[in-house]
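An overview of the molecular structure
Spelled out, the chains give:
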Amino acid sequence: MYTQKERAQTRSRQIHGSMVIVKKNILLYYLKPPVLIFGVLFPVFFFLAFKMGRTITAENIVPGMVAMALWFTASAIGPLVTPWERRARTYERLISTPVSLRAILAGDITSGLIFGTFLSVIPILLGLTLTNVSIHNPVLLTVGILLSGLCFASLGVLLAAPPASSPSNIMLLSNLVRLPLLFVSGIFLPIKQMPQWAQWISPISPLSYASAVIKSAFGQSTIFAPWLSVIMLILFSLIFFMASCKFHNRWRVKGL
Amino acid sequence: MVPVIEVHNLSRTYGKIKAVDHISFKIKKGEIFGFLGPNGAGKTTTVRMLTGVIESTEGTATIQNHDIRNESLLSRAHLSIVPEEANVYLDLSVWQNIMLMAELHGIPRNQRIREADRLLKLLNLKEKKKQKARELSKGLRQRLMLCAALVTDPDILFLDEPTSGLDVQSARLIRQIITDLNQNGLTVFLTTHNMEEAGEMCSRIAIINKGRIATVDTPEKLKTTISSRQFVEVRFKDPAPAYNELESLQSVLQMEVDKKTFRFYTKTPGKVTTEVVHLAENKKSEIVHLSTCKPTLEDVYLYFTSEDKK
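Residues numbered from 1 in each chain as written. Chains lettered and ligands numbered in written order. Predicted model: local features only at pLDDT ≥ 70, side-chain atom pairs only at ≥ 80, totals over all residues.

Observations regarding the overall build of chain B
To keep it simple, the criterion reads: Helix and strand definitions follow DSSP, with helices as H or I runs of at least four residues and strands as E runs of at least two, each counted in order from the N terminus. To sort residues by exposure, count the other C-beta atoms lying within 10 Å of each residue's C-beta; 20 or more gives buried, 12 or fewer gives exposed, and values between give partly exposed, all with C-beta atoms placed from the backbone.
Per the secondary structure count, chain B includes 11 helices and 14 strands. Oriented by its inertia axes, the alpha-carbon framework of chain B measures out at about 80 × 45 × 35 Å. The buried share of chain B, reckoned over its 310 residues, is 43%.

Written as structure tokens, this is what we have:
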């Protein structure tokens, strides 16, 4: 069993290990075509799909774009890394290093969080310069972006758990989860204006709370109070992370 | 001497299949321990359990006194792996690949730079330092794997078919480096199908078959355990003595004939030689070839992994 000193050393090694994983992911995966297609181009096309032929105000567009950019970008890294590494057979070597699976997954989540946060700044800057929207609560916006990024990145890592050797299979699965939730989360249309069935599903989507907290930061009223959204995003992040650890561990043998 | 690896009744099942079935062995510091067995015998599963990639379903094992289940991270800090397939990060440079492994093992910056430089020189990769791993040949990638494994300053190095499919120069260089490092105290766990390599490098060898350890000993002792597989090979000028007369020689355990060559399996080759010479003299036959062959490691391997050895 671990002594107290060994435990402390191991903990700091795990944090360091996570950071090394982040560095590796940034170097290797940020510019991979699937990340750019599903993470960067998807939000743009979906924005156009929502916007064309409709009158949506800038107050709705900007927070919606921020939430959608985060949704796609933060959750794009996770589904790519593990299957890619399984196929390249680097995964086995990675999990034989003195870095725990939990620390590796935390590193993957952090990579998604950084990617999502960085890219969500683009619609904010565009919105602030091209439209008349303004940020009412910068602290809430920062907290909202960080928590949403954490939550979506955790979801992305969870979706990578099934033992598929091809990244495209996992990408397909992740889109099967991400796309339906996009339509019921009140991104461009307020939840109250959506059909009844969509209003029922809306609370089980983490994107609904991300959208709510970001809209609140831009001074809009939403169906979910900001404090509730913050709590729900923390809860979703924890659930996704714990589920990721459990399922990645369970399926690690099958995925080798 | 305290063993660096101690395995006791280690098992792993996949559903109803027992991939590894209650294996036990000890490896002392500074040994090159060969782990031989046919495909599907349980070699890779054993290595994966010892390196923390998969969990055992039964039994215990320690690496440098750290239990591989309860103190997995501590035990993994003492080892490095060079797998058969050079699974380097293809889009990272040679240098980045080495640094990544060193950083994951928490090697301090100055030490990892110094060690990486030394190893790149040792493995003739210095001028490839900035090249992407994708641009390297199989042999160079394998050298890079070895470099990335050694930069972590491991106590135990797991090598899975390290020279499989490599050109002669690369294979020889890798073998030479492993031998040199072993002389400086590195313990090596070597999985290979190359009997010559195992015989030349290993201080002890375990043969695993159907998930169970069939035997563990030094290569020399293993050969003596199957002394009945020693043989005397004789070729006569026509006419040869009668088949039944040759077969009934006192010290012969078994006789095989291939065209005009007779192979007499025996535990006492000297006696058989004398008996054959006497018989040839009595029967006025002329011996044109006579040689004595001891069992090779390959014979030992085949004996312990064959279906009908009992």
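Text resumes after the structure shown.
Side note on the overall build of chain A
Inclusion rule: The atom set for the radius of gyration is the C-alpha atoms, and the globule formula is 2.2 Å times the number of residues raised to the power 0.38. Working definition of a contact: two residues with C-beta atoms, positioned from the backbone, lying within 7 Å.
The helix and strand inventory of chain A stands at 10 helices and 0 strands. Mapped in sequence order, the helices and strands of chain A form the string α-α-α-α-α-α-α-α-α-α. Over its C-alpha atoms chain A spans a radius of gyration of 19 Å, differing by no more than 12% from the 18 Å that the globule rule assigns to 256 residues. Burial statistics for chain A: of 256 residues in total, 51% are counted as buried. Long-range pairs, those at least 24 residues apart, make up 81% of the contacts in chain A with a sequence separation of at least 6.

Quick notes on the domain arrangement of chain B
Using the following cut-off: Domain start and stop positions are those given by an automatic or database domain assignment.
For chain B, the assigned domains read domain 1 (3–223) and domain 2 (227–294). Computed over C-alpha atoms only, the centres of domain 1 of chain B and domain 2 of chain B are separated by 45 Å.

Overview of helix α7 (residues 167–183) of chain A
Since one α-helical turn is 3.6 residues long, residues separated by three or four positions face the same way. Residue and element names in this part refer to chain A. To keep it simple, the criterion reads: Here the expected span of a helix is defined as 1.5 Å times the quantity of residues minus one.
An ideal rise of 1.5 Å per residue puts 24 Å on 17 residues; α7 measures up with 25 Å between its terminal C-alpha atoms. Among the residues making up α7, those that are buried are Pro167, Ile170, Met171, Ser174, Arg178 and Leu182. Considering only its buried residues, α7 is in contact with α2 (33–51), α3 (58–88), α6 (138–159) and α9 (206–217).

Overview of the pairing of strand β3 (residues 32–36) of chain B
All names here are of chain B. Where we set the bar: Should DSSP find at least two bridges between two strands, the strands are regarded as paired.
Of all the 5 residues making up β3, 5 are buried; the element is thus mostly covered by neighbouring parts of the structure. The pairing of β3 with strand β8 (residues 187–191) spans 4 bridges and is parallel. Bridging across to β8, Ile32 finds its partner in Val188. Sheet analysis places β3 next to strand β9 (residues 204–209), joined by 4 bridges and oriented parallel. Note on β9: the bridge partner recorded for Phe35 is Ala206.

Some details on the interface of chain A and chain B
Taken together, the contact pairs 23 residues of chain A with 24 residues of chain B. Looking at the side of chain A that touches chain B, the elements with two or more residues in it are α1 (4–29) and α4 (90–94) of chain A. When residues in the side of chain A that touches chain B are grouped by element, the largest group, 9 residues, is from α1 of chain A.

Details of the nonpolar core
In plain terms, the rule: As used here, a nonpolar core is made of buried Ala, Val, Leu, Ile, Met, Phe, Trp, Tyr and Cys residues. They are joined through C-beta atoms within 7 Å.
Counting 146 residues, the largest nonpolar core has Leu144, Cys147 and Leu190 of chain B as the members making the most contacts within it. Per-element accounting of this core gives the leading share, 16 residues, to α3 of chain A. Non-local contacts of Leu144 of chain B, meaning those with residues more than four positions away in its chain, are made with Ala86, Val88, Val94, Asn97, Leu125, Ala133 and Leu136 of chain B. Among the nonpolar cores identified, the runner-up in size contains 10 residues, and Phe231, Val232, Phe236 and Val272 of chain B belong to it.

Some thoughts on the environment of Pro79 of chain A
Residues and elements named next belong to chain A. Tracing the sequence through the fold places Pro79 in helix α3. Among the residues examined, Pro79 registers 34 C-beta atoms within 10 Å and is labelled buried. Residues Pro79 and Val35 lie 44 residues apart in sequence; the distance between their C-alpha atoms is 9.3 Å. Discounting residues that sit within four places of it in the chain, Pro79 has contacts with Gly156, Leu159, Ala160, Ile170, Met171 and Ser174.

What about the packing of α9 of chain A against helix α10 (residues 226–250) of chain A?
Residues and elements named next belong to chain A. Keep this limit in mind: With axes taken as lines fitted to C-alpha atoms, and helix axes fitted only over the stretch in contact, angles between N-to-C directions fall between 0 and 180 degrees. Working definition: roughly parallel below 35 degrees, roughly antiparallel above 145 degrees, roughly perpendicular at 65 to 115 degrees, and oblique for all remaining angles. Should the near helix be turned anticlockwise from the far one by less than a right angle, the crossing is termed left-handed; should it be turned clockwise, right-handed. Three classes are used, and their members are as follows: Ala, Val, Leu, Ile, Met, Phe, Trp, Tyr, Cys and Pro are nonpolar, Asp, Glu, Lys and Arg are charged, and the others, Gly among them, are polar.
Following both chains from N to C, one finds α9 and α10 inclined at 140 degrees, their axes separated by 9 Å at the closest point. Judged by the angle between their axes, α9 and α10 are oblique. In the crossing of α9 with α10, the sense of the turn from one axis to the other is left-handed. Contacts between α9 and α10 involve Pro206, Tyr209, Ala210, Ala212, Val213 and Ser216 from the first element and Pro226, Ser229, Val230, Met232, Leu233 and Phe236 from the second. Looking at the contact of α9 with α10, its residues break down into 10 nonpolar, 2 polar and no charged.

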